[in-house]
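Descriptive analysis of the structure
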Amino acid sequence: MKRKREIDVSHNRERPFRKRVELLNECLSLCLRYNVTFYLPQGDLSWYRYAENNLNDNKIVSLIQIMNNAIENDTCLTLQEAICGI
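Below: a short report on this structure. Just so you know, these numbers come straight off a predicted model, no measurement behind them.

**Brief notes about the pattern of salt bridges**
Opposite charge on two side chains permits them to pair, given that their charged atoms come into close proximity. One pass over the structure, following the stated rule, counts 2 salt bridges. Salt-bridge contacts for Arg20 lead to Asp57; the nearest nitrogen and oxygen are separated by 3.3 Å. Placement of Arg20 in helix H1 (residues 20–37) and of Asp57 in helix H3 (residues 57–73) is noted, with a sequence separation of 37 residues between them. Judged by its relative accessible area of 31%, Asp57 is partly exposed. Ionic pairing is found between Glu52 and Arg49, a salt bridge with its closest N-O pair at 3.4 Å. Here Glu52 pairs with Arg49, and both are found in helix H2 (residues 46–54), just 3 residues apart, close to one helical turn.

The following block contains the structure:
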C-alpha cells in the first residue's frame, strides 16, 4: 500500500504573479501605444530600454501604471518626469 504524500505548506510552488518577461512585454506594447498617441517617433523605445536595463519588477509595474495614466489622461510625460514618479 502506498503512502500518501503530505502537503508541504512551507514550500510555495506557484509562479510569481507576473513574470519579468510578461511585464516587459506589456511595457513594450505601452511604449508603442504611447508613441502613437503623442505623435512621437514610433521607433523610440527609450521607455522600454530603461525598464529593461534599470528597473526591477515592482518598478516596472509602477512605470506601466504611469504610462497607462498618461495615455488615459492625454498628458505627455518625458522619461525623466516618469522616473521621478516611480
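**A closer look at H2**
Along H2, the residues classified as buried are Trp47, Tyr48 and Ala51. Seen end-on, H2 carries its buried residues on one side only, within an arc spanning 100°. H2 presents Asn53 and Asn54 as exposed residues on the side facing more than 90 degrees away from its buried surface.

**Section: the side chain of Asn35**
Turning to its location among the elements, Asn35 is positioned in helix H1. Residue class for Asn35 comes out buried when judged on its relative accessible area of 0%. For Asn35, the side chain forms a polar contact with the main-chain oxygen of Pro41, separated by 3.4 Å. When sequence neighbours within four positions are dropped, the list of residues in contact with Asn35 reads Leu40, Pro41, Gln42 and Asp44.

**Observations concerning the packing of H1 against H3**
Orientation of H1 relative to H3, taken along the N-to-C sense of each, is 25°, at an axis distance of 10 Å. Classified by the angle between their axes, H1 and H3 sit roughly parallel to one another. Helix-helix and strand crossings are classified by hand; for H1 and H3 the assignment is left-handed. From H1, Arg20, Leu23, Leu24, Glu26, Cys27, Leu30, Cys31, Arg33, Tyr34 and Thr37 reach across to H3, where they touch Asp57, Ile60, Val61, Leu63, Ile64, Met67, Asn68, Ala70 and Ile71. The residue makeup of the contact of H1 with H3, split by class, is 13 nonpolar, 2 polar and 4 charged.

**Re unusual backbone geometry**
Phi at Tyr39 takes a positive value of approximately 55°, unusual for a residue other than glycine. Among the secondary structure elements, Tyr39 is positioned in the loop between H1 and H2. With relative accessibility at 77%, the residue Tyr39 sits in the exposed group. For Asp74, which is not glycine, the phi dihedral falls at a positive 55°. Tracing the backbone through its elements, the reader meets Asp74 in the loop between H3 and helix H4 (79–84). Look at Asp74 and you get exposed, because its relative accessible area is 54%.

Procedures and definitions
Residues numbered from 1 in each chain as written. Predicted model: local features only at pLDDT ≥ 70, side-chain atom pairs only at ≥ 80, totals over all residues. Heavy atoms only, no water. Salt bridge = Lys/Arg side-chain N within 4 Å of Asp/Glu carboxyl O. Helix = DSSP H or I, 4+ residues; strand = E, 2+ residues; numbered from the N terminus. Buried < 20%, exposed > 50% of the residue type's maximum accessible area, 1.4 Å probe, protein only. Arc of directions from axis to C-beta. Polar contact = N/O pair within 3.5 Å; in protein donor to acceptor, adjacent residues only side chain to side chain. Contact = heavy atoms within 4.5 Å. Axes fitted to C-alpha atoms, helices over the stretch in contact; angles between N-to-C directions. Parallel < 35°, antiparallel > 145°, perpendicular 65-115°, else oblique. Left-handed = near helix turned anticlockwise from the far one by under 90°. Nonpolar A, V, L, I, M, F, W, Y, C, P; charged D, E, K, R; others polar.

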